[in-house]
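Observations on the model geometry
Listed below, chain by chain, are the residues.
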Amino acid sequence: MFKNEGNLRKKSRQILFSLIVVLILIALPTYFWMKHTNRYLALQEKSRMSPVIMVPGSSATKERFNQLINLLNKDTDKKHSVLKLEVYNNGKISYNGSIARNDNEPFIIISFENNRDGLSNIKRQAAMLNDAFDELTDQYYFNNFKAFGHSNGGLIWTYWLEHYYSNYQDSIKIKSLMTLGTPYNFAEKSIQTPTQMFTELTKYRDKLPKTLNVFSIAGTENYDSDGLVPEESVQAGKYIFQKQVAHYTAMTVTGDEAQHSDLPQNKQIVKIIEEYLLDGRNPNNPANRNNAGKGDNGN
């Protein structure tokens, strides 16, 4: 009898010990996860970094904005450092360049191995953009950023905002989106002939962040198109953004270097980026107004 009682006590101690070990094994990962998360949130809250993240259009590489960045850096004493990412079809992401230690407004370019045109590719590129963005948030603790897209790069950003941004919006704010020669209705010259791209972007426009400032810039060689994208297709963006975001502003650039492929290095565009996208005190930028975020939803 005493022997059985001793065995029972021994077995109970073994069970208790096993339970304690299991609880420790469960608790330790949770503890370290919480510690990492709290550290990340603390660093993110203190971060002063507000990068400009650029996405090129179809057939363009991570070198697409070299001339634009050189022109922007010529106009400032404090140079913007440059980090370039390329997302491959197998999910791998390569890095070129770096962000300077004290640079609060670096330029980050995200390009794709799959840089082809078409709705299905733009959807894939938006998913690849999300993979890159997710990786960037793990490495850099920014709590806000600005987005820039040339041509289909603007479509990629718009699709990403409608389908992926909700995963980040509680901790990372997108301040402004600037699109340049973006064909919201592809090659169609009339909104009366909506493409599937335009229809999809319109369908999910209520997912766009309400505090966003949007600047849509068109170039015109002949007051009809920039030689590739019809002006009406660029202007179709108003049907996506108006009454959904805080501010929507449309601009048109004419004259020299207003052709589609020349737009990123157009000197008027450089000035517009400096005044409306980069951080500063320009009162023309809705992000600097006291009522930013309330907005008129469509000026």
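Our structure's up above, just so we're on the same page.
What this report covers is the structure whose coordinates are included nearby. Per-chain numbering applies: the sequence of each chain, read as written, is numbered from 1 onward. Reporting in this predicted model follows two pLDDT cut-offs: at least 70 for local features of residues, and 80 or more for side-chain atom pairs to be given and counted; totals over whole chains, interfaces and linings ignore these cut-offs and use all residues. The side-chain numbers reported here are obtained from all heavy atoms of the structure, hydrogens and water having been left aside.

Side note on helix 8 (residues 267–277)
Along an α-helix, residues three or four positions apart point the same way, because every turn accommodates 3.6 residues. Let me state the cut-off plainly: The buried label applies to any residue whose accessible area, calculated with a 1.4 Å probe on protein chains only, is under 20% of its type's maximum; exposed applies above 50%, and partly exposed to all values in between. Elements are defined by DSSP. Helices are runs of H or I of four residues or more, strands are runs of E of two residues or more, and each kind is numbered from the N terminus. Summarising the geometry, the arc corresponds to the directions from the helix axis toward the C-beta atoms. It only takes one pair of heavy atoms within 4.5 Å for two residues to be counted as in contact. Definition of a polar contact: a pair of N or O atoms within 3.5 Å, with one able to donate and the other able to accept a hydrogen when the atoms are protein atoms, and with sequence-neighbouring residues admitted only if both atoms are side-chain atoms.
The complete set of buried residues in helix 8 reads Ile269, Val270, Ile272, Ile273, Tyr276 and Leu277. All buried residues of helix 8 lie within an arc of 165° about the axis, which places them on one face of the element. The inward-facing, buried residues of helix 8 abut strand 1 (52–55), helix 2 (66–74), strand 5 (144–150), strand 6 (173–180), strand 7 (213–220) and strand 8 (247–254). Of the residues that open helix 8, the one with a side-chain oxygen 2.7 Å from the backbone nitrogen of Gln268 is Asn266.

Describing the environment of Thr220
Along the chain, Thr220 turns up in strand 7. With a relative accessible area of 3%, Thr220 lands in the buried category. Between the alpha carbons of Thr220 and Leu263 there is a distance of 9.9 Å; along the sequence they are 43 residues apart.

Quick word on the pairing of strand 1
This is how the line gets drawn: Paired strands, in this sense, are two strands between which DSSP finds at least two bridges.
Residues Val52 and Met54 of strand 1 are buried on one face, and the alternating residues Ile53 and Val55, pointing to the opposite face, are buried as well. In this sheet, strand 4 (residues 107–112) lies alongside strand 1 in parallel orientation, the contact comprising three bridges. Considered in strand 4, the bridge of Val52 is made with Phe107. Taken together, the four bridges between strand 1 and strand 5 define a ladder with parallel strand orientation. When the sheet's bridge partners are listed, Val55 is paired in strand 5 with Gly149.

What about the environment of Leu161?
Mapped onto the secondary structure, Leu161 falls in helix 4 (residues 152–163). Taking the C-alpha atoms as reference points, Leu161 and Asn130, separated by 31 residues in sequence, lie 9.8 Å from one another. Filtering out sequence-adjacent residues up to four positions away, Leu161 remains in contact with Ile174, Leu177, Lys207, Leu208, Pro209 and Leu212.

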